[in-house]
Amino acid sequence: VFAGVRQAQWLTKTKLVEGLPAAVQGIMDNPALGLQELEERAKHVVSHARLWDTAEVAPRREKYCPVLFENLIHICRLMSGNYPSLSKRMLARNCRIAATWERESILLQVRGLSGILMNSMTPIPPVASKEEILATKDHVLETFYPIAPTIDLQEVNVYKELNDTGQCFRDGYPYSHPHTLFFLESANVRTDRFRPEQLRAKMLMFAFGNALAKAKALHGNDLKVLEEPVVVQSIGTDGQLFQFMVFQLNTTDLVSNDGVKNLVWIDSDQNLYERAQCVPEVKKKVVTKPAGISGFQPDTFKKFLALYLHGTV
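Please read these numbers as outputs of a predicted model, since none were measured by experiment.

**Student:** Please clarify how the overall build of the protein should be interpreted in this entry.
**Tutor:** When helices and strands are tallied, the protein shows seven helices and 13 strands. The buried share of the protein, taken over its 313 residues, is 50%. Once local pairs closer than 6 in sequence are excluded, the contacts in the protein between residues at least 24 apart make up 75%.

What follows is the structure, given as structure tokens:
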């Protein structure tokens with residue numbers, strides 16, 4: 001993506017807000033939830049993924065990144081003892097999405113695999129107030145003139161304008177609301193992984209695509225400002241560095257730059273830990289760097305957990 005998130009903002013008619021919304025920050029800061037009590041367990045799962053869950057001297061990213069993700073999700077599920085509604089969630093893998101919209105005079109479509117999608121029986125409530133939504137009318141979207149904002153998009157012939165939430169949301173499926181998308185950039189070779197800015201753009205496009213497909217399933221194809229905005233979250237990681245995102249679809253009227261815009265909150269480039277030393281570093285028979293995890297960042301873990309709890313707590 002030539003301009004990353006900036007380009008994705010134009011394509012999806014979205015205003016960016018730096019940091020996480022107050023609703024998520026409030027979960028992180030609430031001492032009654034006891035998130036701090038889970039920090040030691042989180043440190044343990046990092047060590048498990050990076051140091052212990054392998055017969056190799058140093059595990060490869062394609063191995064430890066998915067293991068770390070599964071371990072973090074396991075910690076999140078422990079909270080369902082206190083919040084039974086957390087058990088009304090389902091992880092769907094290899095879930096396909098297709099969403100079509102018109103932007104200015106261009107017909108656009110996002111389609112493909114949505115990463116790992118956590119679905120919920122109930123939607124995440126809107127995180128921006130009606131006043132904040134109306135205030136987006138004054139926001140001016142960045143243009144890329146003289147470069148077309150679609151310069152590097154793949155051009156195809158569209159024979160059918162699909163808006164499909166995939167196999168995840170067939171009629172009667174109880175977990176019918178998209179909650180959080182997880183993208184694991186676990187390729188061992190760096191050039192095969194999305195760079196953080198590319199990953200954030202991908203996260204935004206697919207969060208938008210899931211929200212738009214859901215909105216059209218609920219309200220039809222009429223272009224309008226939504227009475228009840230659709231919120232979809234996204235978390236991306238390479239097994240160490242995390243990207244956090246909350247997207248709110250306020251309008252399906254995406255043709256012009258005027259009127260209400262959509263909103264996205266992004267917290268970028270958050271390390272869960274600084275370093276994983278798989279084997280001790282020895283110089284002149286003296287251990288200069290012992291094996292282990294250093295620089296664990298509890299706030300990054302709390303953000304992961306807060307996004308999981310969001311909509312329930």
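**Student:** Honestly, helix H7 (residues 298-309) in this entry has me stumped. Any pointers?
**Tutor:** Since the α-helix turns once every 3.6 residues, residues separated by three or four places project in the same direction. Counted at 1.5 Å a residue, the expected span for H7 with its 12 residues is 16 Å, and the 16 Å between its end C-alpha atoms agrees. Buried residues dominate H7, accounting for 10 of its 12 residues. The complete set of buried residues in H7 reads Thr300, Phe301, Lys302, Lys303, Phe304, Leu305, Ala306, Leu307, Tyr308 and Leu309.

**Student:** Would you explain the pattern of salt bridges in this entry?
**Tutor:** A pair can form between side chains of opposite charge whenever their charged atoms are brought close. By the definition in use, this model includes 10 salt bridges. Taking the shortest distance from any N to any O, the salt bridge between Glu39 and Lys302 comes out at 3.5 Å. Of this pair, Glu39 sits in helix H3 (residues 39-52) while Lys302 sits in helix H7; the two residues are 263 residues apart in sequence, bridging distant segments of the chain. According to the relative accessible area criterion, Lys302 is buried, its value standing at 10%. With a closest N to O distance of 3.3 Å, Lys43 and Glu40 form a salt bridge. Taken as a pair, Lys43 and Glu40 lie in helix H3 at a separation of three residues, close to a single helical turn. According to the relative accessible area criterion, Lys43 is partly exposed, its value standing at 35%. Given a relative accessible area of 55%, Glu40 falls into the exposed group.

**Student:** Mind showing me how you'd approach the side chain of Glu39 here?
**Tutor:** Take Glu39: its relative accessible area is 18%, and that puts it in the buried class. Of the polar contacts made by the side chain of Glu39, one reaches the side chain of Lys302; its length is 3.5 Å. Contact partners of Glu39, with chain neighbours within four places excluded, come to Phe296, Pro298, Phe301 and Lys302.

**Student:** Got a minute to help me understand the nonpolar core in this structure?
**Tutor:** Residues Phe182, Leu272, Phe301 and Phe304 are the most contacted members of the largest nonpolar core, which totals 48 residues. Those elements that place two or more of their residues in this core are helix H2 (22-28), H3, helix H4 (61-77), strand E5 (116-120), strand E7 (225-237), strand E8 (241-251), strand E9 (262-271) and H7. Excluding residues within four positions of it along the chain, Leu272 makes contact with Val46, Leu68, Leu72, Gln240, Phe242, Gly295, Phe296, Gln297, Thr300 and Phe301. One finds Ala92, Phe183, Leu204 and Phe208 within the second-largest nonpolar core, a separate group that totals 36 residues.

**Student:** Explanation requested: the packing of aromatic side chains in the structure shown.
**Tutor:** Tallying each qualifying case throughout the model produces seven aromatic pairs. Taking the centre distance of 6.0 Å and the plane angle of 90 degrees together, the rings of Phe208 and Phe247 count as edge-to-face. On the criterion of sequence distance, the pair formed by Phe208 in helix H6 (residues 196-219) and Phe247 in strand E8 is long-range, its members being 39 residues apart. The exposure class of Phe247 is buried, given its relative accessible area of 0%. On the numbers, 6.0 Å between centres and 15 degrees between planes, the contact of Phe242 with Phe244 is stacked. Taken individually, Phe242 and Phe244 each receive the classification buried, so the pair is uniform in this respect. The positively charged end of Arg89 is found above the aromatic ring belonging to Tyr308, 5.0 Å away from the centroid.

**Student:** I keep staring at the packing of H3 against H4 and nothing clicks. Help me out?
**Tutor:** Relative orientation and spacing of two packed helices are given, respectively, by the angle between their axes and the distance between those axes. Between H3 and H4, whose axes approach to 8 Å, the crossing angle comes to 155 degrees. It follows from the interaxial angle that H3 and H4 lie roughly antiparallel. In the packing of H3 onto H4, the handedness of the crossing is right-handed. Contacts from Arg41, Ala42, Val45, Val46, His48, Ala49 and Arg50 of H3 reach H4 at Tyr64, Val67, Leu68, Asn71, Leu72 and Ile75. Taken together, the residues that form the contact of H3 with H4 break down as nine nonpolar, two polar and two charged.

What counts, and at which threshold
- All residue numbers here refer to positions counted from 1 along the written sequence of the relevant chain.
- Totals for whole chains, interfaces and linings use every residue, but because this is a predicted model, local features are given only for residues with pLDDT of at least 70 and side-chain atom pairs only at 80 or more, for both listing and counting.
- The side-chain quantities take in all heavy atoms of the structure and omit both hydrogens and water.
- A run of H or I in DSSP counts as a helix once it spans at least four residues, and a run of E counts as a strand once it spans at least two, with each numbered from the N terminus.
- A simple rule labels every residue: compare its accessible area, found with a 1.4 Å probe on the protein chains alone, to the largest value its type can have, and call it buried under 20%, exposed over 50%, or partly exposed in between.
- By the convention used here, residues are in contact when the closest approach between their heavy atoms is within 4.5 Å.
- Here the expected span of a helix is defined as 1.5 Å times the quantity of residues minus one.
- What counts as a salt bridge is simple: a side-chain nitrogen of Lys or Arg found within 4 Å of a carboxyl oxygen of Asp or Glu.
- Any pair of nitrogen or oxygen atoms within 3.5 Å is treated as a polar contact; in protein, a donor-acceptor pairing is required on top of that, and neighbouring residues in sequence qualify only through side-chain atoms on both sides.
- Grouping buried Ala, Val, Leu, Ile, Met, Phe, Trp, Tyr and Cys residues that are joined through side-chain atoms within 4.5 Å yields what is termed a nonpolar core.
- Note on aromatic contacts: the rings of Phe and Tyr and the six-membered ring of Trp form a pair at centre separations within 6.5 Å, being stacked when their planes are under 30 degrees apart, edge-to-face when over 60 apart, and tilted otherwise.
- The criterion for a charge sitting over a ring is simple: Lys NZ or Arg CZ within 6 Å of the ring centre, and within 35 degrees of the ring normal.
- Note on method: axes are straight lines fitted to C-alpha atoms, helices fitted across the in-contact stretch only, with angles between N-to-C directions ranging 0 to 180 degrees.
- Orientation is classified from the angle alone, with under 35 degrees giving roughly parallel, over 145 giving roughly antiparallel, 65 to 115 giving roughly perpendicular, and any other angle giving oblique.
- Less than a right angle of anticlockwise turn of the near helix away from the far helix marks a crossing as left-handed, whereas a clockwise turn marks it as right-handed.
- Classes in brief: Ala, Val, Leu, Ile, Met, Phe, Trp, Tyr, Cys and Pro nonpolar; Asp, Glu, Lys and Arg charged; the others, Gly included, polar.

Purely geometric numbers; function is a separate question.
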